[in-house]
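Examination of the molecular architecture
Residue-level listing of the chains:
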Amino acid sequence: MTRHDPHIYPGRYVTCVHNPDRALCRRNDGQSGPSLPDCQPLRCRNVALSAENTDHLRAALEAHDRELARADQLAPFVRHRLQTRRQELADFLTETAVTGPDTMTETP
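Being a predicted model, the structure only gives us computed values, none of them experimental.

Concerning the side chain of N46
Topologically, N46 is positioned in the loop between β2 (15-18) and β3 (47-48). Note on N46: relative accessible area 1%, which makes it buried. Of the polar contacts made by the side chain of N46, one reaches the side chain of R22; its length is 2.6 Å.

This is how it looks when you write it as structure tokens:
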């Protein structure tokens, strides 16, 4: 820990526990920390989720569902991208539900 102290960057949708060795958002400007515009939260191993983060992700999923309810009014490309993004988000929430913030493991 003394050589690679974790740097924690709380965000609305995810919390980044930045480890540059496994980051997908590497910076090219010589600065330390994540490159937030290049964040890939659904793929990055630096992501940690709080209960609040999970709530925001679920709200985003619900917003996608509302938009897709009127899919006939969307351009085909936009509809396809929204469906893809919605599925990625749903899969991510399903994967993290088993080990997510709401799951507690007790040790005897």
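Read on, since the account is not over.
A look at the sheet that holds β2
Strand order across the open sheet formed by three strands is β1-β2-β3, with antiparallel pairing between neighbours. Every interior strand has two partners, whereas the edge strands, β1 (7-10) and β3, have only one. With two bridges connecting them, β2 and β3 associate as antiparallel partners. Counted as the bridge partner of T15 is A48 from β3.

Thoughts on the nonpolar core
By size, the foremost hydrophobic cluster in this structure holds 10 residues: V14, L42, L49, L57, A60, L61, L89, A90, F92 and L93. Of all the elements in the fold, those that place two or more residues in this core are α1 (51-69) and α2 (76-99). Looking at which element gives the most residues to this core, the answer is α2, with four residues. Non-local contacts of L93, meaning those with residues more than four positions away in its chain, are made with T54, L57, R58 and L61.

Conventions adopted
Residues numbered from 1 in each chain as written. Predicted model: local features only at pLDDT ≥ 70, side-chain atom pairs only at ≥ 80, totals over all residues. Heavy atoms only, no water. Helix = DSSP H or I, 4+ residues; strand = E, 2+ residues; numbered from the N terminus. Buried < 20%, exposed > 50% of the residue type's maximum accessible area, 1.4 Å probe, protein only. Polar contact = N/O pair within 3.5 Å; in protein donor to acceptor, adjacent residues only side chain to side chain. Pairing = 2+ DSSP bridges. Core = buried A, V, L, I, M, F, W, Y, C linked by side-chain atoms within 4.5 Å. Contact = heavy atoms within 4.5 Å.

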